[in-house]
Amino acid sequence: MNRSLRIALLPPLLLLALSLTALTSANAADQTNILIGTGGKTGVYYAVSNSVCRLVNAELSRKGIRCSHQEGGSVKNINEVHSGKVDVAIAQSDWQSHAYKGTDKQTFPDAPYTELRSLFSVHPESFTLVASKRSGIERFLDLAGKRVNVGNPGSGQRATMEVMMRYFDLKMDDFSRVMELPASEQAIALCTGKIDAFVYTVGHPSSAIKEATLYCESRIVPVTGEPVDRLVSDHSFYSFTTIPGDLYKGNPKDIATFGLAATVVVSEEMDADLAYQIVKAVFTNFNRFKRRHPAFRDLDPRQMIRDNLTAPLHEGALRFYKEQGWL
Ligand code: GLU
């Protein structure tokens, strides 16, 4: 190319480059990112957030909406919706209620978080106590003197474990060792003999409990008795539940315990259209959503928008549910 032609071509090329840069930054500015605070990879929350994100991305990426998730736990997720670090929290119904109402100052010192809004509830979760067979643990009080993983701070099971310990009048000092491993590390700790037992508030079947019952001889221990009766009668978000027998190796019989529900929470500050689009993506593809995990098998949209929710429905979600004639 001769020199004069190069000079003549330069301005159009420069213009093109400049406008391309402007275009990409305009696109970046137009993009809406949704971040979901979920649970560990071996739990069921991960399947919830993964499924929501896949549907949102499939339906809405052309509108510039992009969904991703990050590992956490009920309490951390709710705190991060409150502080604006995440947009959506998957959280246990007990902690949704305490956060919204400010009824557990130990877990949420700054609550009530009156800005919390519900999108829907999901699968039932059971407070699940798993012990190695050789530990001899047969009931909750047998945890005294044992090495126990009480759950990592920020997780739902840790907070619910602390509630249980108050009801059973057990202190951390009563255990011979207290560990705070995250859910995904509990099974291996149990089966390598580092701990005698762990607790997990989770939907069933769960891969974490599968691992713990496959890798070594362990049993799911019933959580029953007067303190549990009192707990359930004191709080509307708890109920008696059963972990079905035969879901896990070496655990052929149904196991009695108590439970609650997984829920999906946002802030009232979320744009109403965005909340509408998220629930629309989930409920218009509901069979696909349900197929993602066996713990979702009994889910029914009408119940999901009515039951186990303390925070009011977000106005955008409410609009979609009314359009469907569900409310
Ligand atoms: N319920 C647990 C928590 O709030 C998480 C269970 C799961 O990941 O499925 O931390």
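Computed from a predicted model, the values in this text were never measured in an experiment.

K.L.:
Explain the overall build of the protein to me, please; I cannot follow it from the model alone.
P.N.:
If you tally the helices and strands in the protein, you get 12 helices and 10 strands. Projecting the C-alpha coordinates of the protein onto the three principal axes gives extents of approximately 90 × 50 × 40 Å. Looking at the protein as a whole, 53% of its 327 residues qualify as buried. Partitioning the intrachain contacts of the protein with sequence separation of at least 6 by distance along the chain shows that 73% fall at a separation of at least 24. Looking at the protein as shown, the accessible area adds up to about 15300 Å², and 51% of this sits on carbon and sulfur atoms. Side-chain charges in the protein split into 37 positive and 35 negative, and the spacing between the mean points of these groups amounts to 7 Å.

K.L.:
What is the right way to look at a nonpolar patch on the surface in this model?
P.N.:
Side chains of I188, L214 and Y215 sit close together on the surface and give an oily, nonpolar patch of about 330 Å² of accessible area. Secondary-structure assignment places L214 in helix α7 (residues 207-215).

K.L.:
For this particular structure, what's the right way to read the site of the ligand?
P.N.:
Taken together, the neighbourhood of the ligand is formed by 14 residues, with V44, Y45, S74, G156 and T201 sitting nearest. At 2.9 Å from a nitrogen atom of the ligand is found a side-chain nitrogen or oxygen belonging to Q92. Between Q157 and the ligand, the recorded distance is 3.5 Å, taken from a side-chain N or O atom to an oxygen atom. Contact with the protein chains removes 98% of the 290 Å² of surface that the ligand exposes when unbound. Top contributing element to the shell around the ligand by residue count: strand β7 (residues 197-202), with three residues. By residue class, the composition of the shell around the ligand is four nonpolar, nine polar and one charged.

K.L.:
Help me understand the packing of helix α5 (residues 156-168) against helix α8 (residues 226-234) in this model?
P.N.:
At a closest axis distance of 9 Å, the pairing of α5 and α8 adopts a crossing angle of 120 degrees. Judged by the inter-axis angle, α5 sits oblique to α8. Of the two elements, α5 crosses α8, and the hand of that crossing is right-handed. Across the interface between the two elements, V163, M164, Y167 and F168 from α5 touch P227, V228, R230, L231 and D234 from α8.

K.L.:
Help me understand the pairing of strand β4 (residues 116-132) in this model?
P.N.:
Each regular strand carries side chains that alternate between the two faces of the sheet. Of all 17 residues making up β4, 16 are buried, and the element is well covered by its neighbours. For β4 and strand β10 (residues 255-267), the ladder comprises eight bridges, and the chain directions are antiparallel. Note that in β10 the partner of P124 across the bridge is A261. Inspection of the sheet shows β4 paired to β7 by six bridges, in the antiparallel sense. If you follow A131 over to β7, its bridge partner there is A197.

K.L.:
Where do I start with the layout of surface pockets in this structure?
P.N.:
Over the atoms rolls a probe the size of a water molecule, and in doing so it shows where empty space is left. Looking at the largest pocket, its volume works out to about 280 Å³. Taken together, 16 residues make up the lining of the largest pocket; nearest its centre are S218, R219, G250, N251 and P252. For the lining of the largest pocket, the secondary-structure elements that each account for two or more residues are β8 (218-221) and β10. Element by element, the count of residues in the lining of the largest pocket is highest for β8, at three residues. A class-by-class count of the residues in the lining of the largest pocket yields six nonpolar, four polar and six charged. In this structure, the second largest pocket encloses a volume near 220 Å³. Around the second largest pocket, the lining is made up of 21 residues, and of these G39, G40, G72, Q157 and Y200 lie nearest the centre.

K.L.:
Is there a simple way to explain the nonpolar core in this structure?
P.N.:
By size, the foremost hydrophobic cluster in this structure holds 62 residues, and its most contacted members are F120, F283, F289 and Y321. Sequence-distant contacts of Y321, defined by excluding residues within four places in its chain, comprise L119, F120, V279, F283, I305, L313, W326 and L327. Listed in part, the 42 residues of the second largest apolar core include F127, M164, F237 and L260.

K.L.:
What exactly am I supposed to notice about the pattern of salt bridges here?
P.N.:
Here the idea is simple: oppositely charged side chains can pair when their charged atoms come close. For the structure shown, the criterion picks out 12 salt bridges. One salt bridge connects D104 with R166, and the closest N-O pair in it is separated by 3.5 Å. Highlighted residues: D104 in the loop between α4 (93-101) and β4 and R166 in helix α5, separated in sequence by 62 residues. A residue is classified by how much of its surface remains accessible, and D104, at 8% relative accessible area, is buried. Where salt bridges share partners, they join R158, E162 and E180 into one cluster.

Cut-offs used in this document
- Residues numbered from 1 in each chain as written.
- Predicted model: local features only at pLDDT ≥ 70, side-chain atom pairs only at ≥ 80, totals over all residues.
- Heavy atoms only, no water.
- Helix = DSSP H or I, 4+ residues; strand = E, 2+ residues; numbered from the N terminus.
- Buried < 20%, exposed > 50% of the residue type's maximum accessible area, 1.4 Å probe, protein only.
- Contact = heavy atoms within 4.5 Å.
- Areas by Shrake-Rupley, 256 points an atom, 1.4 Å probe, with all protein chains shown as cover.
- Lys, Arg positive; Asp, Glu negative; His and termini not counted.
- Charge placed at Lys NZ, Arg CZ, Asp CG, Glu CD.
- Patch = residues over 30% accessible without salt bridge, like charges linked within 9 Å, V, L, I, M, F, W, Y side chains within 5 Å.
- Salt bridge = Lys/Arg side-chain N within 4 Å of Asp/Glu carboxyl O.
- Near = heavy atom within 4 Å.
- Polar contact = N/O pair within 3.5 Å; in protein donor to acceptor, adjacent residues only side chain to side chain.
- Nonpolar A, V, L, I, M, F, W, Y, C, P; charged D, E, K, R; others polar.
- Axes fitted to C-alpha atoms, helices over the stretch in contact; angles between N-to-C directions.
- Parallel < 35°, antiparallel > 145°, perpendicular 65-115°, else oblique.
- Left-handed = near helix turned anticlockwise from the far one by under 90°.
- Pairing = 2+ DSSP bridges.
- 1 Å grid on protein atoms, 1.4 Å probe; cavity = no way out; pocket = protein on both sides within 12 Å on 5 of 7 lines; lining within 4 Å.
- Points joined across faces, edges and corners; volume = space filled by probe spheres on them.
- Core = buried A, V, L, I, M, F, W, Y, C linked by side-chain atoms within 4.5 Å.

In short, the description is geometric, and any link to function would need to be established separately.
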